[in-house]
Number of protein chains: 2
Amino acid sequence: MNRRKLLKTAAVGTFLATAVACGKNSEDEKKIIAKNTGKIEWKMVTTWPKNFPGLGTGAQRIADSITNMSEGQLTVKLYAAGELVPAFESFDAVRQETAHMSHGASYYWINKNKSTPFFAAVPGGLTAQEHNAWIHYGGGQELWDELYAEFNVKGFLGGNSGVQMGGWFKNKIEALEDFKGLKMRMPGLGAEVINRMGATAVALPGGEIMPALESGAIDATEWVGPWNDLAFGFYKVANNYYGPGFHEPGTHTECIVNKSAYEKLPKYLQNIVEHACVSENNKMLSEFTYANNVAQKKLIDLGVNINNFPADVYKEMFKISNEVVAETANAGDINKRIYESWSKFKKEARERAPFAEQGYMARRG
Amino acid sequence: MNRRKLLKTAAVGTFLATAVACGKNSEDEKKIIAKNTGKIEWKMVTTWPKNFPGLGTGAQRIADSITNMSEGQLTVKLYAAGELVPAFESFDAVRQETAHMSHGASYYWINKNKSTPFFAAVPGGLTAQEHNAWIHYGGGQELWDELYAEFNVKGFLGGNSGVQMGGWFKNKIEALEDFKGLKMRMPGLGAEVINRMGATAVALPGGEIMPALESGAIDATEWVGPWNDLAFGFYKVANNYYGPGFHEPGTHTECIVNKSAYEKLPKYLQNIVEHACVSENNKMLSEFTYANNVAQKKLIDLGVNINNFPADVYKEMFKISNEVVAETANAGDINKRIYESWSKFKKEARERAPFAEQGYMARRG
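Let me sum up the structure you'll find in this document. Predicted model, so just to flag it, every value in this text is computed and none were measured.

1. Looking at the overall build of chain A
In terms of helices and strands, chain A carries 14 helices and eleven strands. The buried share among the 365 residues of chain A stands at 63%. Within chain A, contacts between residues at least 6 apart in sequence are counted, and of these 78% link residues at least 24 apart. Split by element, the accessible area of chain A, about 12,600 Å² in all, is 49% carbon and sulfur.

Structure representation (structure tokens):
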């Protein structure tokens, strides 16, 4: 797959436009030529701008944790999107061992295989806690390993944003009809859902959203959640903030490694790489949860109208989401098995939810 | 504080009766005398029986992770409750460096300080995801460090059970009146809550619950959740299973280390200890979430009636929970600061919840 096509088609998630695409930087490449120390030096590329809150900072924490826990025996140098390879070449960079690892989100690689979004987030899917359970104990990791082995890559969960918001709208959404004719920035499988609701999904990188809202090219946009959205200032031009969204209920980032390079590591360094990822998987969700609480409060103080979508809108969103997600099973044998494993887990999680976190939060004082 | 008093008074949590109290085993002590390898050997005691599902197995994973990531440079040998010290002497064992670390739950140490339960779970408190956020980013860790520094101990989060169930009842609970005169096994702050509802809370270790239910000494019991409860067979004598419970909405286990011993470790080993805990914090909740889903299905197949408590019962439980938890603030300066930090976080989390995981789970298809 050529770069242009991948860039064009990888627009499959909310995190998309946080990724920056630009040329290689040979300066940086030179800096990490092995210094004859006998230590291993790994390059970690990412799909995020340097120190982008939550995502870029989380990737940096993984790199630092590996370096620190191994006392520099495995030193990981992080490259933000575009510093070594463009954001959406990071998967292939790891595949070809141009880089040894990458931090991003699996739904960016949907054109490599239609089911990659199941390891990040799909519309109407699992919460972060549920997704962790499916990956770690419900058979998810094994299916993910099988899927990525074809590319000589192995994936670990590497952080989660929690449930993302439904988006910013210039006009109120009071009924299902209000989606008809709406031009909305919405990436990935969520785009297919709102298109089937009568809207027109528009793919836009982050930097182009505000001008598009201001010019009237779009009427609405989704992004991430209060913490990341506040910084963009969407509330200044589209003051109706709806959520939660239907499309990314707990978006997992991934930390992928070149499988051959990983297998060549001594066992203790493999353990360090794995634990650095799992540990960040816990930390990043904590940071998003805390920072979103604080940012939502600020948005309300700024006069933003925060609401749930009307009940009939949610009903339709989730109905169509289930159809769109089920269609991925038709793409092949592995796709069918991923969908079936995930569906079984989701069904059991939903049966349990009224007696678990969902039931608790709905009632507590 | 002498051992008898601690044992008697530490009965403060659902996990309590999973802890086994018996004498020291000098055999085991001998086995870990340093073998002149130059490597560091640490003893990890726990409040759990060996390989107790979720809790004991999670503690073992932490010990193994530290050993494996450090390539044996810091080798951690795990002692189940009673193998080196009795369960409820594990905190003091770490304090006195009889052991270097321990895995348990902070609410066991309520008689050392009234606010220790805030680092495990309190009635009407935070979910696992929220509690992680408060500890890691909302100021919780700093208050915990301050509280435990007095005992020369440092705590890390070391796993979570998720929201626990409300309990097993011989008779249906159809109204608030049904709690009056009820004899129920309930530990900790939750006991105070049901006493104020007119019930009589009874403190019983796990092994004594079934006989007490069978003899009629108690009418009801809480335990953990479907996974751990199924194994005990409570459904055979008390077939009405209510949940979620009000009393442990996301019980965090802790991994504590002797502060002086920890500070003497080289920095990379400190990092390894911390990441092993944070990583298990993610894994254990995943295991409970997955296994509870599966076990609940089995319980339903076995004919168990699973229900929520009636609305007015929950309302009263949460009202009294808030009072009981607020009273901890009166115990002293640190107690007041812990309560205020936690309350501020809880308030913001509740404001956010309708637009986050709670709102999502209530609506998804």
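Still to come is the rest of the account.
2. Digging into the nonpolar core
With 221 residues, the main nonpolar core has W134(A), F179(A), W134(B), F179(B) and V273(B) as its most contacted residues. Mapping this core onto the domain boundaries places at least three of its residues in each of domain 1 (3-163 + 251-291) and domain 2 (167-248 + 304-363) of chain B. Filtering out sequence-adjacent residues up to four positions away, F179(A) remains in contact with F169(A), I173(A), M184(A), I194(A), M197(A), G198(A), A199(A), F309(A), V313(A) and M317(A).

3. Structural notes on the relation of the copies chain A and chain B
Applying a rotation about an axis and a shift along it to one chain copy brings it onto the other copy. Between the two copies, chain A and chain B, the superposition gives an RMSD of 0.0 Å; the rotation angle is 180° and the shift along the axis is 0.0 Å. The symmetry that links the two subunits is that of a two-fold axis. When C-alpha positions in chain A are compared against the rotation axis, the closest is assigned to S279(A), at 2.1 Å. A symmetric contact is evident, with 100% of the interface residues of chain A recurring at the interface of chain B.

4. Some words on empty space enclosed by the protein
Across all of its chains, the model carries seven cavities of 30 Å³ or more by this definition. Its volume calculated, the largest cavity comes out at about 440 Å³. Lining the largest cavity are 37 residues, and of these Q129(A), M361(A), Q129(B), E357(B) and M361(B) lie nearest its centre. Those elements giving two or more residues to the lining of the largest cavity turn out to be α5 (128-137), α11 (267-301), α13 (333-352) and α14 (357-363) of chain A together with α5 (128-137), α11 (267-301), α13 (333-352) and α14 (357-363) of chain B. Residues of the lining of the largest cavity, tallied by class, amount to 15 nonpolar, 16 polar and six charged. Shared between two domains, the lining of the largest cavity takes at least three residues from each, and those domains are domain 1 (3-163 + 251-291) and domain 2 (167-248 + 304-363) of chain B. Size it by volume and the second largest cavity reaches roughly 130 Å³. Lining of the second largest cavity is provided by Q129(A), N132(A), N281(A), N282(A), L285(A), S286(A), Q129(B), N132(B), N281(B), N282(B), L285(B) and S286(B).

5. Remarks on the interface of chain A and chain B
The partner chain B presents 70 residues to the 70 residues of chain A that form the contact. Both sides of the chain A and chain B interface together cover about 6,800 Å² of buried area, and 58% of this is carbon and sulfur. Where chain A packs against chain B, one counts four salt bridges. Its salt-bridge partner being R364(A), residue E130(B) comes within 2.8 Å of it at the nearest N-O pair. Across the chain A-chain B interface, the total number found is 30 residue pairs in polar contact (both at pLDDT 80 or more).

6. Here's the deal with the pattern of salt bridges
Enumeration according to the criterion identifies 36 salt bridges over all chains in this entry. Across the salt bridge formed by K347(B) and E351(B), the nearest N and O atoms sit 3.0 Å from each other. With K347(B) and E351(B) both in helix α13 and four residues apart, the pair spans about one turn of that helix. With a relative accessible area of 34%, E351(B) lands in the partly exposed category. Ionic contacts of the salt-bridge type, sharing partners, join the residues R61(A), E280(A) and E287(A) into one network.

7. Some thoughts on the packing of helix α7 (residues 188-196) of chain B against helix α12 (residues 311-327) of chain B
Residues and elements named next belong to chain B. Interhelical geometry of α7 versus α12 gives an angle of 130° and a closest axis separation of 9 Å. By the criterion of interaxial angle, the relationship of α7 to α12 is oblique. Once α7 is placed against α12, the crossing between them reads as right-handed. Facing L189, E192, V193 and R196 of α7, the residues of α12 in contact are M317, I320, S321, E323, V324 and E327. Here the contact of α7 with α12 is composed, by residue class, of five nonpolar, one polar and four charged.

8. So, the packing of aromatic side chains
Summed over the entire model, instances satisfying the criterion amount to 58 aromatic pairs over all chains. One aromatic cluster is present, formed by W48(A), F88(A), F91(A), Y107(A), Y108(A), W109(A), F119(A), W134(A), W144(A), Y148(A) and F151(A) through successive ring pairs. Of note, K77(B) hangs over the ring of Y79(B), and the distance from its end group to the ring centre comes to 5.1 Å.

9. Focus on the sheet that holds strand β4 (residues 153-160) of chain B
Residues and elements named next belong to chain B. Spatially, the five strands line up as an open sheet ordered β2-β1-β3-β10-β4, and their pairing is mixed. Single-partner strands in this sheet number two, and they are β2 (74-79) and β4. Taken pair by pair, the neighbouring strands of this sheet meet at an average axis angle of 25°, ignoring direction. Across six bridges, strand β1 (residues 40-46) lies against β2 in parallel orientation. Bridge pairing in β2 places K43 opposite K77. Lying on the sheet, helix α3 (residues 55-69) is in contact with β1, β2, β3 (101-104), β4 and β10 (252-258); it crosses β2 at an angle near 160°. Where α11 meets the sheet, it contacts β1, β2, β3, β4 and β10, and its direction lies at approximately 30° from that of β4.

10. Some details on the sheet that holds strand β6 (residues 183-185) of chain A
Residues and elements named next belong to chain A. Sheet architecture is open: six strands sit in the order β7-β6-β8-β5-β9-β11, paired in mixed fashion. A strand with exactly one partner marks an edge of an open sheet, and here the two such strands are β7 (200-202) and β11 (305-307). Of the strand pairs in this sheet, β6 and strand β8 (residues 220-221) are connected by two bridges, and their pairing is parallel. Across the sheet, M184 pairs through a bridge with A220, a residue of β8.

Cut-off values and rules
- Residues numbered from 1 in each chain as written.
- Chains lettered and ligands numbered in written order.
- Predicted model: local features only at pLDDT ≥ 70, side-chain atom pairs only at ≥ 80, totals over all residues.
- Heavy atoms only, no water.
- Helix = DSSP H or I, 4+ residues; strand = E, 2+ residues; numbered from the N terminus.
- Buried < 20%, exposed > 50% of the residue type's maximum accessible area, 1.4 Å probe, protein only.
- Contact = heavy atoms within 4.5 Å.
- Areas by Shrake-Rupley, 256 points an atom, 1.4 Å probe, with all protein chains shown as cover.
- Core = buried A, V, L, I, M, F, W, Y, C linked by side-chain atoms within 4.5 Å.
- Domains from an automatic or database assignment.
- Least-squares fit on C-alpha atoms with pLDDT ≥ 70 in both.
- 1 Å grid on protein atoms, 1.4 Å probe; cavity = no way out; pocket = protein on both sides within 12 Å on 5 of 7 lines; lining within 4 Å.
- Points joined across faces, edges and corners; volume = space filled by probe spheres on them.
- Nonpolar A, V, L, I, M, F, W, Y, C, P; charged D, E, K, R; others polar.
- Buried area = accessible area lost by both parts, 1.4 Å probe.
- Salt bridge = Lys/Arg side-chain N within 4 Å of Asp/Glu carboxyl O.
- Polar contact = N/O pair within 3.5 Å; in protein donor to acceptor, adjacent residues only side chain to side chain.
- Axes fitted to C-alpha atoms, helices over the stretch in contact; angles between N-to-C directions.
- Parallel < 35°, antiparallel > 145°, perpendicular 65-115°, else oblique.
- Left-handed = near helix turned anticlockwise from the far one by under 90°.
- Phe/Tyr/Trp six-rings, centres within 6.5 Å; stacked < 30°, edge-to-face > 60°.
- Lys NZ or Arg CZ within 6 Å of the ring centre and 35° of its normal.
- Pairing = 2+ DSSP bridges.

Everything listed here is a matter of coordinates, which is why it stays silent on function.
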